[in-house]
Amino acid sequence: MRFCRILFVLLSEQRRQNGLFSPVSCSARFLFHCCSSSKPRSSPPNCSEPLITGPYPSRLLEKAVQELTRLPGVGRKTALRYALYLLRQSPEVVHSFAQSLTDLRDHVSHCKICHNLSDHDICDICAANNRDRTQVCVVENVHSVMCIEQTGQYNGLYHVLGGIISPMDGIGPSDIELASLISRAEEGEIKEVILALSPTMEGDTTNFYISRRLAHLDLKISVIARGVSVGDGLEYTDEVTLGRSILGRTPLQS
Ligand SMILES: [Zn+2]
């Protein structure tokens, strides 16, 4: 911190001597910020980012900024930057942008079978004829479906729980899409249920609960493998992950 303060003073002095001194110059401001703030900052502030958050010259602009701050991780400065950027775009671009958000809210719903997001009552995966309908992969959320689909290694169906059992957060079995999973399994077409939940205490609890609820059915119940990441050295793997890797070892395929 002392080094930063010294560097800040030297930089300010040098810029003053060169006739370039500005109390809000970018590099000097970043150094001052590093010294005065307890929060870590990974990069210098963007000099093009507006520093003034009000008063606004337009009430409509202020309204747009207020709405944009509803987005996670977007503060007023970033929201103002987004709003000014949109103002610089053509009306067609902005109208298309706004329409896509309206359509998102009005027309995207959940698949009636697997609870994945869909533009129709039944999602494309459930409606596809080329998927293996004897396998169902149970995931926590829609994002998990997208991640698994991206691997290209799975051709079965899904079941999106919409959460996991978490007593600490007051989320019980009735708060997630568990009853519909049991119903699907009881129909008889499904032969294997693959549990692909987060490797956390809540994920393990949910896995255990689901396996108990499906125990009366003639099903293969499996859990996705957990272990050392591809490309990682063992010395960089934590002991819990490494321990699970050893317990969940698989036969070497030649
Ligand atoms: Zn579906």
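One can find the structure itself at the top, above this paragraph.
Treat the numbers as computed from the prediction; the structure is a model and nothing was measured.

Visitor: Can you break down the sheet that holds strand β4 (residues 156-160) residue by residue, with the values?
Guide: Strand order across the open sheet formed by four strands is β4-β3-β5-β6, with parallel pairing between neighbours. Each end of this open sheet is capped by a strand with a single partner; those strands are β4 and β6 (220-223). Here the average twist between neighbouring strands, direction ignored, is 25°. Two elements, strand β5 (residues 192-195) and β6, share four bridges in a ladder whose sense is parallel. Residue pairing in the sheet places Ile-194 in a bridge with Ser-222 of β6.

Visitor: Describe helix α9 (residues 201-213), listing the residues and the values that go with them.
Guide: Residues spaced three or four apart along an α-helix point in a common direction, a consequence of the helix completing one turn every 3.6 residues. Taking 1.5 Å of rise per residue, 13 residues should cover 18 Å, and α9 covers 18 Å from first to last C-alpha, within 8% of that figure. Turning to α9, its buried residues are Thr-206, Asn-207 and Ile-210. Along α9, the residues classed as buried sweep out an arc of 105° about the axis, all on the same side. When the buried face of α9 is taken as reference, the exposed residues oriented beyond 90 degrees from it are Met-201, Phe-208 and Arg-212. Close packing links the buried residues of α9 with β3 (132-139), β5 and β6.

Visitor: I'd like to hear about helix α5 (residues 91-107), residue by residue, with values.
Guide: Given a rise of 1.5 Å per residue, 17 residues ought to cover 24 Å, and the 23 Å separating the end C-alpha atoms of α5 matches this to within 8%. For α5, the tally of buried residues reaches only zero of 17 residues, placing the bulk of the element at the surface.

Visitor: Describe the packing of helix α3 (residues 59-68) against helix α4 (residues 76-88), listing the residues and the values that go with them.
Guide: Between α3 and α4, the least distance of the axes is 8 Å, while the angle of their chain directions is 125°. Judged on the interaxial angle alone, α4 and α3 are oblique. Crossing geometry of α3 relative to α4 is assigned as right-handed. Seen from α3, the contacting residues are Leu-61, Ala-64, Val-65 and Leu-68; seen from α4, they are Arg-76, Ala-79, Leu-80, Tyr-82 and Ala-83. Classifying every residue of the contact of α3 with α4 gives eight nonpolar, no polar and one charged.

Here is what the cut-offs are and how they apply
- Residues numbered from 1 in each chain as written.
- Predicted model: local features only at pLDDT ≥ 70, side-chain atom pairs only at ≥ 80, totals over all residues.
- Pairing = 2+ DSSP bridges.
- Helix = DSSP H or I, 4+ residues; strand = E, 2+ residues; numbered from the N terminus.
- Axes fitted to C-alpha atoms, helices over the stretch in contact; angles between N-to-C directions.
- Expected span 1.5 Å × (residues − 1).
- Buried ≥ 20, exposed ≤ 12 C-beta atoms within 10 Å, placed from the backbone.
- Arc of directions from axis to C-beta.
- Contact = placed C-beta atoms within 7 Å.
- Parallel < 35°, antiparallel > 145°, perpendicular 65-115°, else oblique.
- Left-handed = near helix turned anticlockwise from the far one by under 90°.
- Nonpolar A, V, L, I, M, F, W, Y, C, P; charged D, E, K, R; others polar.

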